[in-house]
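Spelled out from the first residue to the last, the chains are:
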Amino acid sequence: MNKPAKKYDVIVIGELNIDLILDQIESFPEIGKEKLAREMTFALGSSSAIFASNLSSLGASVAFIGKTGKDLLGNFVVQSLQQKKVDTQMITQNEGLTTGATIGLNFREDRAMVTYPGAMEHLTDKDIPLDKLEEAKHLHISSYFFQPGLQQYIGEIFRIAGEKGLTTSFDIQSDPGENWEINLKAILPYVDIFLPNEKELLSITGSKTVEEAIEQLSSDVNILAVKLGNKGSACYHKGTITYQPAFLHDKFIDAIGAGDSFDAGFIYQFLKGASIEQCQIFGNYTGSYSTRSAGGTNAFEDINTFFSYANTITGIQNGPERQVT
Ligand SMILES: Nc1ncnc2c1ncn2[C@@H]1O[C@H](COP(=O)(O)OP(=O)(O)OP(=O)(O)O)[C@@H](O)[C@H]1O
Ligand SMILES: [Mg+2]
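Notes on the structure in this doc start here. On a predicted model such as this, the values are computed, not experimentally measured, just so you know. (Residues numbered from 1 in each chain as written. Chains lettered and ligands numbered in written order. Predicted model: local features only at pLDDT ≥ 70, side-chain atom pairs only at ≥ 80, totals over all residues. Heavy atoms only, no water.)

The full count for this structure, using the stated rule, is 20 aromatic pairs. Centroid distance Y144 to F145: 5.0 Å. Interplanar angle 85 degrees. Geometry classified as edge-to-face. F145 shares its class with Y144; the two are buried. Summarising the aromatic geometry, the rings of F145 and W180 are spaced 5.5 Å apart at their centres and angled 80 degrees between planes, so their arrangement reads as edge-to-face. Of this pair, F145 sits in the loop between β8 (136-142) and α3 (154-163) while W180 is found in the loop between β9 (167-171) and β10 (193-194), placing the two residues 35 residues apart along the sequence. Residue F145 is classed as buried on the basis of its relative accessible area, which comes to 11%. Look at W180 and you get buried, because its relative accessible area is 10%. Three or more aromatic residues joined by ring pairs form one cluster here, namely F247, Y268, F282, Y285, Y289, F300, F306, F307 and Y309. (Phe/Tyr/Trp six-rings, centres within 6.5 Å; stacked < 30°, edge-to-face > 60°. Buried < 20%, exposed > 50% of the residue type's maximum accessible area, 1.4 Å probe, protein only. Helix = DSSP H or I, 4+ residues; strand = E, 2+ residues; numbered from the N terminus.)

Shown next, in the form of structure tokens:
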């Protein structure tokens, strides 16, 4: 007998907030002075939500487990995900919690950010309906350091997901406290695809180079995809490191969500059974594509153009007619 089809391709567990991004600022902010920005974007923020939204735009069926306040920004977050067809039934909106925000100040290819975490810090293991995991093929968790209520359970959640037959991915994201304390041995053995960026990888391993860091983690990781900004990415699997260059272009707006978009492109291909090399190339392409529009999700509004362009520049065929499910 055939196994029943899964309800979701991917369940994402993670943090939720909004982004307020100021662009074209006349000069660097200074205490006691007021500067003008010539562009402003108010958008869905948070690594996990941007990943979920973009993966759903690509055609996967995605559900989200998370927490917001029962407030204006929380409603905006939930509605933004719903607009992208992400299933939000497992998001709780709590009275007494405030949905957080990240204020981003863009300067050319980089940015300064201040985050008020709010509700995201209150997501704990008690909020995770573990029995729902079996409704998905894959589990993704992001933003380890922003979720103190969840940190100590993440390894165990991945382990349970693996037992239930799901594949798993983990994007650690930055540590605003710059302590980088994490028990990788309790997490990585249960993660199929680990997706840090270069700075995160070097910081958690205390290494000077990507190669040294990979060497250190090699006994615990399965697939390790390291995001290298405009240098592209490095991918380690079964003893081999493969570098793939970025798809550079002259339409760069900002890099917000480029890493989450890389993750979405990589996991999209992974779920379709593509080779790891194709996952990596498509991740680079998806990351690059996200830098063409302001914010983390805006680039994926017109998904047909995304796919036809993908076909031209990566040679990978991915039309919406070949969706994950
Ligand atoms: N300026 C750029 N031009 C083209 N491609 C880019 C550029 N910046 C990033 N990318 C692509 O996007 C991918 C992910 O970007 P990046 O390395 O900035 O991730 P990240 O630091 O995790 O980002 P995030 O802040 O979203 O978490 C890169 O591996 C690269 O392929
Ligand atoms: Mg990142």
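Having put the structure on the table, let's press on.
Here the focus is the packing of helix α7 (residues 276-290) against helix α8 (residues 303-314). It is the contact of α7 with α8, at a shortest axis distance of 11 Å, that shows an interaxial angle of 130 degrees. In this view, α7 runs oblique relative to α8, as classed from their interaxial angle. When the axes of α7 and α8 are compared, the crossing they make is right-handed. Facing α7, whose interface residues are I281, F282, Y285, T286 and Y289, α8 presents T305, F306, F307, Y309, A310, I313 and T314. Of the residues belonging to the contact of α7 with α8, the class tally is nine nonpolar, three polar and no charged. (Axes fitted to C-alpha atoms, helices over the stretch in contact; angles between N-to-C directions. Parallel < 35°, antiparallel > 145°, perpendicular 65-115°, else oblique. Left-handed = near helix turned anticlockwise from the far one by under 90°. Contact = heavy atoms within 4.5 Å. Nonpolar A, V, L, I, M, F, W, Y, C, P; charged D, E, K, R; others polar.)

Now for the site of ligand 1. For ligand 1, the set of nearby residues contains 21 residues, the closest of which are R111, N197, G229, G232 and G259. For ligand 1, an oxygen atom lies 3.4 Å from a polar atom in the backbone of G257. Between an oxygen atom of ligand 1 and a main-chain N or O atom of G259, the distance comes to 2.9 Å. Bound to the protein, ligand 1 loses 90% of the 630 Å² it would expose on its own. Residue assignment for the shell around ligand 1 shows that the elements contributing at least two residues are α6 (258-271) and α7. If you tally residues by element for the shell around ligand 1, the top one is α6, at four residues. (Near = heavy atom within 4 Å. Polar contact = N/O pair within 3.5 Å; in protein donor to acceptor, adjacent residues only side chain to side chain. Areas by Shrake-Rupley, 256 points an atom, 1.4 Å probe, with all protein chains shown as cover.)

The next subject is the pattern of salt bridges. Going through the model one piece at a time under the given rule, you end up with 15 salt bridges. Between D9 and K137 there is a salt bridge whose closest N-O contact spans 2.9 Å. One end of the pair, D9, is in strand β1 (residues 8-13); the other, K137, is in strand β8, and 128 residues separate them in sequence. D9 sits in the buried class, given a relative accessible area of 0%. When its relative accessible area of 30% is taken as the criterion, K137 is described as partly exposed. Measuring nitrogen to oxygen at the nearest pair gives 2.5 Å for the salt bridge that ties K164 to E134. In this pair, K164 sits in the loop between α3 and β9 while E134 sits in the loop between β7 (110-118) and β8, placing the two residues 30 residues apart along the sequence. Connected via shared salt-bridge partners are E30, K33 and K35. (Salt bridge = Lys/Arg side-chain N within 4 Å of Asp/Glu carboxyl O.)

The sheet contact formed by strand β4 (residues 62-69) and strand β5 (residues 91-94) spans four bridges and is parallel. Bridge assignment links T68 to a residue of β5, and that residue is Q93. Each parallel crossover has a hand, and for β4 linked through helix α2 (residues 72-83) to β5 it is right-handed. (Pairing = 2+ DSSP bridges. Right-handed = clockwise from strand over helix to strand, strands pointing away.)

A few words on the packing of α6 against α7. At a minimum axis distance of 7 Å, the contact between α6 and α7 shows a crossing angle of 145 degrees. Crossing geometry of α6 relative to α7 is assigned as right-handed. Contact residues: A258, S261, F262, G265, F266, Y268, Q269 and F270 in α6; I276, Q278, C279, Q280, F282, G283, N284, T286, G287 and S290 in α7. Broken down by class, the residue content of the contact of α6 with α7 amounts to eight nonpolar, 10 polar and no charged.

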